[in-house]
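Letter by letter, the chains look like this.
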Amino acid sequence: LLAVILRRPRLDVLMLRLFPLAAGLGIFLTLAYYSLDHFNPAQIAARKSLVAQYPHIELSSHGEHALALPCVVLYAAVVRVEHAPPSSADVGRTVGFYMAFFLALTHVNRWATGKWTYPIIDDVSEAGGTPARLGFFAFLVSLVLAFSLLAQRVLQMKAPATKKLH
């Protein structure tokens, strides 16, 4: 929203380039949290056990996850597409780079702490070992990429039509 308010051309170009990734992650974050974590009985018990230390844990959990999707939709509604939106190849490279970095950090965290960042990774690993975990990661990357390409399509629809020269 800062790019919309400040009207800085370079910031606009950067935001257009990064919006598909941010949208893909925002859509994924909200949907994944409510489908995989929030209603998970183990996570419900874990949050309840922390209420004495963190009385607003439920509220903060919603604040961290529920607002991502509405923010993406709000930005998509107000963004001005005055520059060419990123190509599908640009989106693929941006998402691929970010997801490779994120998954590398996830594995470094596992190596350093002995725990996966998210309990669902333990569940998948216990159920099917390394092949299942790798398949799960591939599926997650594919989802983020699909959501990112959807956001790119929104930008393309908002872009002014270019005039063809005869």
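Not measured: the values here are computed from a predicted model.

Participant: An account of the overall build of the protein chain is needed here, citing residue identities and associated values.
Facilitator: Per the secondary structure count, the protein chain includes seven helices and zero strands. Going residue by residue from the N terminus, the α and β elements of the protein chain occur as α-α-α-α-α-α-α. Buried positions account for 31% of the 166 residues belonging to the protein chain. A total of about 10800 Å² of accessible surface is found on the protein chain, and carbon and sulfur atoms cover 70% of it.

Participant: Run through the pattern of salt bridges, naming residues and quoting values.
Facilitator: Summed over all chains, the structure comprises four salt bridges. Between Arg-47 and Glu-58 there is a salt bridge; the shortest N-O distance is 3.0 Å. Of the two residues, Arg-47 sits in helix α3 (residues 41-49) while Glu-58 sits in helix α4 (residues 57-65), which places them 11 residues apart along the sequence. A relative accessible area of 31% places Glu-58 in the partly exposed class. Note that Arg-93 and Asp-90 form a salt bridge whose closest N and O atoms lie 2.5 Å from each other. Residue Arg-93 and its partner Asp-90 are located together in helix α6 (residues 88-113), separated by three residues, close to a single helical turn. The network of salt bridges with shared partners includes Arg-17, Asp-90 and Arg-93.

Participant: A description of the layout of surface pockets should follow, citing residues and the corresponding values.
Facilitator: The computed volume of the largest pocket comes to approximately 810 Å³. Together, 34 residues line the largest pocket, and Phe-28, Leu-29, Ala-32, His-65 and Tyr-118 are the ones closest to its centre. Contributions of two or more residues to the lining of the largest pocket are made by α2 (9-37), α3, α4, α6 and α7 (119-158). Looking at the lining of the largest pocket element by element, the count peaks at nine residues for α2.

Participant: Hey, could you go over α6 for me, with residue numbers and the actual values?
Facilitator: The first and last C-alpha atoms of α6 sit 37 Å apart over 26 residues, in line with the 38 Å expected at 1.5 Å per residue. Residues of α6 that are buried include every one of Asp-90, Val-91, Thr-94, Val-95, Met-99, Leu-103 and Thr-106, and no others. Those residues of α6 that are buried lie in contact with α2 and α7.

Participant: I'd like a rundown of the confidence of the model for the protein chain, residues and numbers included.
Facilitator: Taken as a whole, the protein chain shows an average pLDDT of 89; of its residues, 94% reach a score of 70 or greater. Predicted confidence in the protein chain is weakest over helix α1 (residues 2-6), with a mean pLDDT of 67, and strongest over α6, with 97.

Participant: Summarise α4; cite the residues concerned and give the values.
Facilitator: Listed in full, the buried residues belonging to α4 are Ile-57, Ser-61 and His-65. The arc enclosing the buried residues of α4, seen along the axis, measures out at 55 degrees, which places them on a common side.

Participant: Go over the packing of aromatic side chains, please, and point to the residues and values.
Facilitator: Two measures describe an aromatic ring pair: the distance that separates the ring centres and the angle between the ring planes. This model, assessed by the stated rule, comprises five aromatic pairs. Aromatic pair Trp-116 and Phe-137: ring centres 6.1 Å apart, planes at 65 degrees, arrangement edge-to-face. Placement of Trp-116 in the loop between α6 and α7 and of Phe-137 in helix α7 is noted, with a sequence separation of 21 residues between them. The buried category is assigned to Phe-137, whose relative accessible area is 6%. Taken together, the ring pairs in this structure connect Trp-116, Phe-136 and Phe-137 into an aromatic cluster.

Participant: Please provide a residue-by-residue account of the packing of α2 against α7, values included.
Facilitator: At a closest axis distance of 8 Å, the pairing of α2 and α7 adopts a crossing angle of 135 degrees. Classified by the interaxial angle, the pair formed by α2 and α7 is oblique. Remark: the crossing between α2 and α7 carries right-handed chirality. Each of Leu-16, Phe-19, Pro-20, Leu-21, Ala-23, Gly-24, Leu-25, Ile-27, Phe-28, Leu-31, Leu-36 and Asp-37 in α2 lies in contact with α7, whose residues at this interface are Pro-119, Ile-120, Leu-140, Leu-143, Val-144, Phe-147, Ser-148, Ala-151, Gln-152 and Leu-155. Of the residues that constitute the contact of α2 with α7, the class distribution is 18 nonpolar, three polar and one charged.

Calculation criteria
Residues numbered from 1 in each chain as written. Predicted model: local features only at pLDDT ≥ 70, side-chain atom pairs only at ≥ 80, totals over all residues. Heavy atoms only, no water. Helix = DSSP H or I, 4+ residues; strand = E, 2+ residues; numbered from the N terminus. Buried < 20%, exposed > 50% of the residue type's maximum accessible area, 1.4 Å probe, protein only. Areas by Shrake-Rupley, 256 points an atom, 1.4 Å probe, with all protein chains shown as cover. Salt bridge = Lys/Arg side-chain N within 4 Å of Asp/Glu carboxyl O. 1 Å grid on protein atoms, 1.4 Å probe; cavity = no way out; pocket = protein on both sides within 12 Å on 5 of 7 lines; lining within 4 Å. Points joined across faces, edges and corners; volume = space filled by probe spheres on them. Expected span 1.5 Å × (residues − 1). Contact = heavy atoms within 4.5 Å. pLDDT = per-residue confidence, 0-100. Arc of directions from axis to C-beta. Phe/Tyr/Trp six-rings, centres within 6.5 Å; stacked < 30°, edge-to-face > 60°. Axes fitted to C-alpha atoms, helices over the stretch in contact; angles between N-to-C directions. Parallel < 35°, antiparallel > 145°, perpendicular 65-115°, else oblique. Left-handed = near helix turned anticlockwise from the far one by under 90°. Nonpolar A, V, L, I, M, F, W, Y, C, P; charged D, E, K, R; others polar.

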